[in-house]
Amino acid sequence: MAEAIYDPKLIEARCQQWWEENGTNRIDLAAADNPYYVLMMFPYPSAEGLHVGNVFAFTGADIQARYRRLKGHQVFEPIGFDAFGIHSENFAMKVNRHPSELIPSNVANFTRQLKMMGFMFDWERTIDTTTPEYYKWTQWVFLQLYKAGLVYRDIKEVNFCPKCGTVISDEMVIDGKCERHPDTEVERRRMPCWFFAITKFAGRLLDNLDWLDWSDRTKLAQRNWIGRSTGAEVVFTVQGRSQKIPVFTTRPDTLFGATYLVLAPDHALVDEITLPQLRAAVDEYRGAIAARAEAEAVKGAAQEKTGVFTGATAINPATGQAVPVFIGDYVLSGYGTGAIMAVPGGDHRDFAFAKKYRLPIVATVDPDMGAAAAEDFSGVDNVNELLATEEGKARLRTMVLEGAACYSGPGAVINSSAGKLSINGLGIEEAKERVCALLEGMDLGRRQETYRLRDWGISRQRYWGPPLPIIYDEEGNPHPVPEDQLPVLLPPLDDYRPKGDGRGPLATAEDWVRTTLPDGRPGRRETDVMDNFLDSAWYYLRYVSTSDPDRPYDPALIERWLPVDMYIGGNEHAVLHLLYTRFICMGLHQAGALRMGERPEMRDLAEPFRHFRAHGLLIKEGSKMSKSKGNVVNPDEYVEDHGADTLRMYLMFLGPYLQGGDFRDSDLQGVRRFLNRIFLWYFDNPQPEVPEAELPKPVRVKLHQTIKKVAEDIEALSYNTAIAALMELHNELKSAEACSRSAKEAVALMLAPFAPHLAEECWRNGLGHSTSVFEGRYPAFDPALTVLDEIEVAVQVNGKIRSRLVVPREAPKEELERLALADASVQAVLKGAAPKRVVVVPGRLVNVIA
């Protein structure tokens, strides 16, 4: 008989062909009675192809899908390509190829690589966001939200990257620079754009995070981005004028200490209230900061604040005093009302501004020096030293009360009375309520929540994206394209490069731009395209109905399959993608276009994903593996040399999946040797076969413990420890004098999610099954065999361990004491003397007090 040889290239090609011919990975969605939807964030198909960091991410999701199938679910694991957008267009310009030519070849290469890895995708349900069959329905989504009042057009300040030649999202602005062009300052331009009213769902988006089963770091990122603040809106009336300036504050208790107002430079009232003699100074200031990105203003909390006086004053509703109105670079038009009441005695930014411009500083809180912390103070260099002594604390308190330092910590309200109104002496929370009641009674304010989140600008002045389904009449009024005229096709355009002048390249396609309105009047098409994040915000819905040309998704299949059971992806998309996806789901639900899920809370709140897990990142040469860093590794050579199963298992073994690890290709050999031993165990094994009941009990215990552990670890995405347990089990089974068929079947089934090709080979050709290993069921374990009958108990003398006993788990105290006192090590210490006392903790230790 010829010696068995593990040839992964041969085995994997054979398995993949067999799966394809037998439809192993195809699924009848309508017939599923126990559905489980596993989704991995789909890739944008770059010219470089997949790298091993991508394979790492996809393998973790594939393990979940294969495991759930072995547990008896009908599993849907689809794949597609996020092929529209600026990534693809920028690369097309770089290599001087039209994106319509470049993308299909990239998709073909990605498809080859994904199939090479043996992922359990149903390739009959693939989507490509650049096809009219897909973006027709992206335009349909836009129209549903438009009809529901969740879409509007406005002229606002937006982020514009000169190198990208287009508007970019807030999330893509990092330290004032473009994420894709770190050497390029982002400009703030006022431009007409289309917006999705995501802020209408801000409270729900935030509150649902309390019960969603998502990775904690993802939920934290979304909470920070949504940024709820609870406080009050206060109205200041411009002195001698009719204009009113509403401001939002989280500290209405400090209203008496508001000594000036600051408006955002682009606030709508700036032009109206600025005195003529100060207009030149105001305009000059506004021009000087126009190019600064809003994200930089947020980051620059510790930078010097600047501003200019408008000449106007406004009446503080609590004190009746007139306070000056400035514009300043640390107030953002998109947050709250775009105006703040400045309380320099209690806010470090206001304090710095007031010191610079010599404005009044009034303390409104007498510091509780017993509870104050260093971070509660600003304007003082040696806070920690002062807090270290009672004398220093007294000096620090005096500085606050005299306006020489700023304080934002706990204490009692002071300097807060006018006429018959006084909140002096109250605690901060009680004072907030009193002031809110006062303002509401005077109709000068109200309790309010506000959010950092702003509406989603979806207009992009690029070519490679789905056209906006809007037509303008001769007066410039927008009209939606009728649904029966979708898709609005992206026209062929040789010169697709962005112009950088605020107009999209489509504006040059005059024959395409000229069209007619539904009523026959002449019209002009919108020449912006939609943000590619809209493409990926609803794709999980289209997967269930990819072959349906008449509707975006089948409602019956949505009811059966949604929400997604397990979504896996990178945490870098915690805001850009996941927040938008949640909004689109809620928006379609509100529009009456989507109903899904069997759980009432999921149906009513319209959340798209039951569970989300953020996978870790692969590190190579000290940095995250990414194309932008130039440290990516092509998986092709490793699959060619070692096989897809080896690469899959190595990537899952190198570290916790939710944390990632350091890619060192030298370590691949160890995994390859393990898989080779597995192969030989099935195909060249001299062990006699016996019933499982005849295996030694320690072997049976190890088998059932491993079955239990591997299942628990897979469900927790702890793949590295599951693989380690499998390795330990195999060593024990291989070393035994005999083995059982049931043990070999169990090993193949446990191995299948990680190394599906080898498991399939061992299952069908090694064990002789006629059906796929994935038609099998994950092995059951005997709970009685997962607990050892014997345990180890430490023996101490005067608290120091002297020996250890191996005893029956249920050994009584008296037996443990007898065995401990009879132990030679204990006798050596006692030297024949009787112990003073013996303390027995069953199952753990015996402590002999000599």
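Residues numbered from 1 in each chain as written. Predicted model: local features only at pLDDT ≥ 70, side-chain atom pairs only at ≥ 80, totals over all residues. Heavy atoms only, no water.

## Remarks on the overall build of the protein
Okay, so step 1: Helix and strand counts for the protein come out as 29 helices and 39 strands.
Okay, so step 2: Counting the 850 residues in the protein, one finds 56% classified as buried.
Okay, so step 3: Taking the intrachain contacts of the protein between residues at least 6 apart in sequence as the baseline, contacts between residues at least 24 apart amount to 73%.
Okay, so step 4: For the protein, the exposed area adds up to about 35700 Å²; of that, 49% sits on carbon and sulfur atoms.
Okay, so step 5: Taken together, the 97 basic and 116 acidic charged side chains of the protein have centroids lying 3 Å from each other. (Helix = DSSP H or I, 4+ residues; strand = E, 2+ residues; numbered from the N terminus. Buried < 20%, exposed > 50% of the residue type's maximum accessible area, 1.4 Å probe, protein only. Contact = heavy atoms within 4.5 Å. Areas by Shrake-Rupley, 256 points an atom, 1.4 Å probe, with all protein chains shown as cover. Lys, Arg positive; Asp, Glu negative; His and termini not counted. Charge placed at Lys NZ, Arg CZ, Asp CG, Glu CD.)

## Points about unusual backbone geometry
Okay, so step 1: Look at the link from L486 to P487: it is a cis peptide, with omega at 0°.
Okay, so step 2: Looking at where P487 falls in the secondary structure, it is placed in the loop between β27 (478–480) and α15 (510–513).
Okay, so step 3: The linkage connecting L562 with the following residue, P563, adopts the cis geometry, with an omega of 0°.
Okay, so step 4: For R358, which is not a glycine, the phi torsion comes out positive at approximately 55°.
Okay, so step 5: Tracing the sequence through the fold places R358 in the loop between α11 (348–357) and β17 (365–367).
Okay, so step 6: For R358, a relative accessible area of 78% translates into the label exposed.

## Notes on the packing of helix α3 (residues 86–95) against helix α4 (residues 99–116)
Geometrically, a packed helix pair is captured by the angle between its two axes and the distance between the axes.
Okay, so step 1: Remark: α3 packs on α4, axes separated minimally by 9 Å, with the N-to-C direction vectors making an angle of 110°. In this view, α3 runs roughly perpendicular relative to α4, as classed from their interaxial angle. Here S88, F91, A92 and V95 of α3 come into contact with α4, specifically with P99, L102 and I103.
Okay, so step 2: Across the contact of α3 with α4, the residue classes tally to 6 nonpolar, 1 polar and no charged. (Axes fitted to C-alpha atoms, helices over the stretch in contact; angles between N-to-C directions. Parallel < 35°, antiparallel > 145°, perpendicular 65-115°, else oblique. Nonpolar A, V, L, I, M, F, W, Y, C, P; charged D, E, K, R; others polar.)

## Quick notes on the sheet that holds strand β36 (residues 790–797)
Okay, so step 1: Across the sheet, which stays open at both edges, the 4 strands sit in the order β37-β36-β39-β38 with mixed pairing between neighbours. Two strands lie at the open edges of the sheet, namely β37 (800–808) and β38 (837–841), each paired on one side alone. If you compare each strand with its neighbour and ignore which way they point, the axes differ by 20° on average.
Okay, so step 2: Bridge count for β38 against strand β39 (residues 845–849) is 5 bridges, and the pairing is antiparallel. Across the sheet, the residue bridging to V838 is V848, located in β39. (Pairing = 2+ DSSP bridges.)

## Observations regarding the sheet that holds strand β24 (residues 456–457)
Within a sheet, each strand pairs with its neighbour through backbone hydrogen bonds, oriented either parallel or antiparallel.
Okay, so step 1: Read across the open sheet, the 4 strands follow the order β6-β5-β9-β24; overall the sheet is antiparallel. Each edge of the sheet is formed by a strand with only one pairing partner; in this case those strands are β6 (166–168) and β24.
Okay, so step 2: Pairing of strand β5 (residues 151–161) with β6, which is carried by 3 bridges, proceeds in the antiparallel orientation. Counterpart to C161 in the pairing with β6 is T166.

## Here's the deal with the confidence of the model for the protein
Okay, so step 1: For the protein, per-residue confidence averages 91 on the pLDDT scale, and 96% of positions sit at 70 or higher.
Okay, so step 2: For the stretch residues 293–302, pLDDT sits under 50, and the model shows 20 contacts to residues farther than four places along the chain or on other chains. (pLDDT = per-residue confidence, 0-100.)

## Examining the pattern of salt bridges
Okay, so step 1: Across all of its chains, the model carries 48 salt bridges by this definition.
Okay, so step 2: With a shortest N-O distance of 2.9 Å, R251 and D253 are connected by a salt bridge.
Okay, so step 3: The salt bridge involving E390 is made with K393; its shortest N-O contact spans 3.7 Å. Remark: K393 and E390 occur in helix α13 (residues 390–401); sequence separation between them is 3 residues, near one turn of the helix. (Salt bridge = Lys/Arg side-chain N within 4 Å of Asp/Glu carboxyl O.)

## Points about the pairing of strand β31 (residues 566–570)
Okay, so step 1: Among the 5 residues in β31, 5 count as buried, and that is most of the element.
Okay, so step 2: By the bridge criterion, 3 bridges tie strand β1 (residues 35–40) to β31 in an arrangement that is parallel. Pairing of V38 across the sheet is with M566, part of β31.
Okay, so step 3: One ladder, built from 4 bridges, connects β31 with strand β32 (residues 611–615); its direction is parallel. By the bridge assignment for β32, G570 is matched with H615.

## Describing the environment of I423
Okay, so step 1: Locating I423 in the fold gives a position in the loop between β22 (421–422) and α14 (428–441).
Okay, so step 2: Relative accessible area serves as the criterion here: at 0%, I423 is assigned to the buried category.
Okay, so step 3: Taking the C-alpha atoms as reference points, I423 and R434, 11 residues apart in sequence, are found 7.4 Å from one another.

## A short note on helix α27 (residues 756–766)
Okay, so step 1: Within α27, 9 of the 11 residues are buried, leaving the element largely enclosed by the surrounding structure.
Okay, so step 2: When α27 is considered as a whole, its buried residues turn out to be P756, H757, L758, A759, E760, E761, C762, W763 and R764.
Okay, so step 3: Its buried side turned inward, α27 meets α1 (8–22), α2 (52–70), α22 (644–653), α23 (668–683) and α26 (741–751).
Okay, so step 4: One or two residues past the end of α27 sits G768, with phi positive at roughly 85°.

## So, the environment of K813
Okay, so step 1: Residue placement: K813 occurs in helix α28 (residues 813–822).
Okay, so step 2: A residue is classified by how much of its surface remains accessible, and K813, at 45% relative accessible area, is partly exposed.
Okay, so step 3: Taking C-alpha positions, K813 is 63 Å from A556, a pair spaced 257 residues apart along the chain.
Okay, so step 4: In contact with K813, not counting residues within four places along its chain, are V840 and P842.

## Considering a negative patch on the surface
Okay, so step 1: On the surface, E637, D641, D665 and D667 cluster together to form a negatively charged patch.
Okay, so step 2: By the secondary structure assignment, D665 is in the loop between β35 (660–662) and α23.
Okay, so step 3: Among the residues examined, D665 registers a relative accessible area of 41% and is labelled partly exposed. (Patch = residues over 30% accessible without salt bridge, like charges linked within 9 Å, V, L, I, M, F, W, Y side chains within 5 Å.)

## Some words on the nonpolar core
Okay, so step 1: The biggest cluster of nonpolar side chains holds 191 residues, and the ones touching the most others in it are W456 and I584.
Okay, so step 2: Counting residues per element, this core draws most heavily on α2, which supplies 10 residues.
Okay, so step 3: Discounting chain neighbours no more than four positions away, the residues touching W456 are W194, F195, F196, I198, D531, F533, L534, A537, Y580, F583 and I584.
Okay, so step 4: Membership of the second largest hydrophobic core comes to 33 residues, among which are I289, V308, L426 and V435. (Core = buried A, V, L, I, M, F, W, Y, C linked by side-chain atoms within 4.5 Å.)

## Some details on the side chain of D713
Okay, so step 1: Structurally, D713 can be placed in helix α24 (residues 697–715).
Okay, so step 2: Setting aside residues up to four positions removed in sequence, D713 forms contacts with S718, Y719, T721 and A722.

## A closer look at the packing of α2 against α24
Okay, so step 1: Between α2 and α24, the shortest axis-to-axis distance is 10 Å and the interhelical angle comes to 130°. Regarding the angle of α2 to α24, the classification is oblique. Regarding α2 and α24, the two cross each other, and that crossing is left-handed. Facing α2, whose interface residues are I63, Q64, Y67 and R68, α24 presents A711, I714 and E715.
Okay, so step 2: In terms of residue class, the contact of α2 with α24 is built from 4 nonpolar, 1 polar and 2 charged. (Left-handed = near helix turned anticlockwise from the far one by under 90°.)

## Concerning the side chain of R613
Okay, so step 1: By the element assignment, R613 lies in strand β32.
Okay, so step 2: Note on R613: relative accessible area 17%, which makes it buried.
Okay, so step 3: Those residues within four positions of R613 in sequence are excluded, and the remaining contacts are D213, W214, S215, M566, Y567, I568, G569, L658 and L717.

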